[in-house]
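Chain by chain, the residues run as shown.
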Amino acid sequence: MVRRVIIGCDHGGFTLKKELIPFIEALGYEPIDIGCYDENSVDYPDVAFSLAERVASGEFEKGIIICGTGIGVSICANKVKGIRCALCTDEAMARLTREHNDSNVLALGGRIVGSELAKGIVKAWLETGFSQGQRHINRIARISGYENK
Ligand code: RB5
């Protein structure tokens, strides 16, 4: 079964997203691209909230969101209940956030990381599972508890 991944960007992430889409396909995933589709200026909250809501609803298990720095989209995505968005700048962060935080959205900075590094980050993030460690389960439950109070 091909696993679907939702992917989106603002104008600052457009070039990197274009490079990542065939790479993600080659890893065996189907990237569902929700835009933007060129370098015309758009507001990153629009695409970040839309992507995050579609992950939080269960429509997608995982999403990848890209802006210039990755910061704006990660702030937005983390406002959506149920989202654990990780802004990663190297492969170790990508692996550890999957193992420890069970992150469900990956944020990247299209003006910060080069495309080869970004590919390594995406591969590590998509291919690493949650560790299932009890301490990590407890900590994630604390996050959910805070969201639900
Ligand atoms: C857009 O110029 C830029 O502000 C945006 O891509 C992002 O870096 C915001 O955090």
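In what follows, the accompanying structure is described. (Residues numbered from 1 in each chain as written. Predicted model: local features only at pLDDT ≥ 70, side-chain atom pairs only at ≥ 80, totals over all residues. Heavy atoms only, no water.)

Quick look at the site of the ligand
Phase 1 of the analysis: Around the ligand, the neighbouring residues are Asp-10, His-11, Tyr-44, Cys-67, Gly-68, Thr-69, Gly-72 and Arg-111.
Phase 2 of the analysis: A distance of 3.4 Å separates an oxygen atom of the ligand from a polar side-chain atom of Arg-111.
Phase 3 of the analysis: Considering the ligand on its own, with 290 Å² of exposed area, one finds that the protein chains cover 71% of that surface.
Phase 4 of the analysis: For the shell around the ligand, the class distribution of residues is two nonpolar, four polar and two charged. (Near = heavy atom within 4 Å. Polar contact = N/O pair within 3.5 Å; in protein donor to acceptor, adjacent residues only side chain to side chain. Areas by Shrake-Rupley, 256 points an atom, 1.4 Å probe, with all protein chains shown as cover. Nonpolar A, V, L, I, M, F, W, Y, C, P; charged D, E, K, R; others polar.)

Focus on helix H2 (residues 44–56)
Phase 1 of the analysis: Here H2 spans 18 Å end to end across 13 residues, near enough to the 18 Å set by a 1.5 Å rise per residue.
Phase 2 of the analysis: Of all the residues in H2, the buried ones are Val-47, Ala-48, Leu-51, Ala-52 and Val-55. Buried positions in H2, seen along its axis, are confined to an arc of 125° and lie on one side of it.
Phase 3 of the analysis: In the core, the buried residues of H2 are packed alongside strand E1 (3–9), strand E3 (63–67), helix H3 (71–77) and strand E5 (105–109).
Phase 4 of the analysis: Directly beyond the C-terminal end of H2, a positive phi value near 95° is found at Gly-58. (Helix = DSSP H or I, 4+ residues; strand = E, 2+ residues; numbered from the N terminus. Expected span 1.5 Å × (residues − 1). Buried < 20%, exposed > 50% of the residue type's maximum accessible area, 1.4 Å probe, protein only. Arc of directions from axis to C-beta. Contact = heavy atoms within 4.5 Å.)

Examining the sheet that holds strand E2 (residues 29–33)
Phase 1 of the analysis: Strand order in the open sheet made by the five strands is E2-E1-E3-E5-E4, with parallel pairing throughout. Where the open sheet ends on each side, the last strands, each with one partner, are E2 and strand E4 (85–87). The mean inter-strand angle of the sheet, taken between neighbouring strand axes irrespective of direction, is 25°.
Phase 2 of the analysis: Docked against the sheet, helix H5 (residues 115–127) engages E1, E2, E3 and E5, running at close to 175° with respect to E5. (Pairing = 2+ DSSP bridges. Axes fitted to C-alpha atoms, helices over the stretch in contact; angles between N-to-C directions.)

Quick notes on the packing of helix H4 (residues 91–101) against H5
Phase 1 of the analysis: It is at 8 Å that the axes of H4 and H5 come closest, and there the two elements cross at 15°. Judged on the interaxial angle alone, H5 and H4 are roughly parallel. Relative to H5, the crossing made by H4 is right-handed. The residues of H5 that touch H4, namely those facing Glu-91, Ala-94, Arg-95, Thr-97 and Arg-98, are Gly-120, Ile-121, Ala-124 and Trp-125. (Parallel < 35°, antiparallel > 145°, perpendicular 65-115°, else oblique. Left-handed = near helix turned anticlockwise from the far one by under 90°.)

Let's talk about the packing of helix H1 (residues 14–26) against H5
Packed helices, taken two at a time, are described by their axes: the angle between them and the distance between them.
Phase 1 of the analysis: For the pair H1 and H5, interaxial distance at closest approach is 10 Å and the crossing angle is 45°. With respect to their mutual orientation, H1 and H5 come out oblique. Here H1 and H5 pass one another in a crossing that is right-handed. Packed against H1, whose contacting residues are Leu-16, Glu-19, Leu-20, Phe-23 and Ile-24, the element H5 presents Ser-115, Ala-118, Lys-119, Val-122, Lys-123 and Leu-126 at the interface.

Nothing here speaks to function; it is geometry throughout.
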